[in-house]
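Remarks on the overall topology
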Amino acid sequence: MACKMGTTDRKSRIVAGVILIGFAMITGNPIGWIGWIPLVTGIVGWCPLYAPLGIDTCHRPTEGNHH
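Residues numbered from 1 in each chain as written. Predicted model: local features only at pLDDT ≥ 70, side-chain atom pairs only at ≥ 80, totals over all residues. Heavy atoms only, no water.

A word on the environment of I19
As for its placement among the helices and strands, I19 is situated in helix α1 (residues 7-27). Judged by its relative accessible area of 57%, I19 falls in the exposed class. (Helix = DSSP H or I, 4+ residues; strand = E, 2+ residues; numbered from the N terminus. Buried < 20%, exposed > 50% of the residue type's maximum accessible area, 1.4 Å probe, protein only.)

If you want it as structure tokens, here you go:
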């Protein structure tokens, strides 16, 4: 599977997922359980919507820039 999700994207998804799940646990509001989606996609580094939408946040070295 090709890289489609960069480090910043992954970290922000994990943080958002934890916050939403915490919200659900504290308030009892079931909408917060949707936080499992960004949490899991952030952990695995792959989002099923990125391919059909043509999104790629993975940073690759450009040709001639091999740092």
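From this point, things continue past the structure.
Quick look at the packing of α1 against helix α2 (residues 36-44)
α2 packs onto α1 with a crossing angle of 150 degrees between their chain directions and a minimal axis gap of 7 Å. Classified by the interaxial angle, the pair formed by α1 and α2 is roughly antiparallel. For the pair α1 and α2, the sense of crossing is left-handed. Note on element contacts: α2 touches α1 through W36, P38, L39, T41, G42, I43 and V44, opposite R10, R13, I14, G17, V18 and I21. Of the residues that constitute the contact of α1 with α2, the class distribution is eight nonpolar, three polar and two charged. (Axes fitted to C-alpha atoms, helices over the stretch in contact; angles between N-to-C directions. Parallel < 35°, antiparallel > 145°, perpendicular 65-115°, else oblique. Left-handed = near helix turned anticlockwise from the far one by under 90°. Contact = heavy atoms within 4.5 Å. Nonpolar A, V, L, I, M, F, W, Y, C, P; charged D, E, K, R; others polar.)

What about the environment of G42?
Looking at the element boundaries, G42 is found in helix α2. Once the C-alpha coordinates of G42 and I14 are considered, the two residues, 28 residues apart in sequence, prove to be 5.3 Å apart. Contact partners of G42, with chain neighbours within four places excluded, come to M5, R10, R13 and I14.

Things to note about the pattern of salt bridges
Using the criterion set out here, one finds one salt bridge in the structure. Here D9 ties to R13 by a salt bridge, and the two come within 3.1 Å at their closest N and O atoms. Of this pair, D9 and R13 both sit in helix α1, four residues apart, which is roughly one turn of the helix. Given a relative accessible area of 16%, R13 falls into the buried group. (Salt bridge = Lys/Arg side-chain N within 4 Å of Asp/Glu carboxyl O.)

A short note on a nonpolar patch on the surface
There is a patch of nonpolar side chains on the surface, built from M25, I26, W33, W36, V40, I43, V44 and W46 and spanning about 890 Å² of accessible area. For the nonpolar patch, the elements supplying multiple residues, two or more each, are α1 and α2. Among the elements that make up the nonpolar patch, the one with the highest residue count is α2 (four residues). Within the element layout of this structure, W33 appears in the loop between α1 and α2. (Patch = residues over 30% accessible without salt bridge, like charges linked within 9 Å, V, L, I, M, F, W, Y side chains within 5 Å. Areas by Shrake-Rupley, 256 points an atom, 1.4 Å probe, with all protein chains shown as cover.)

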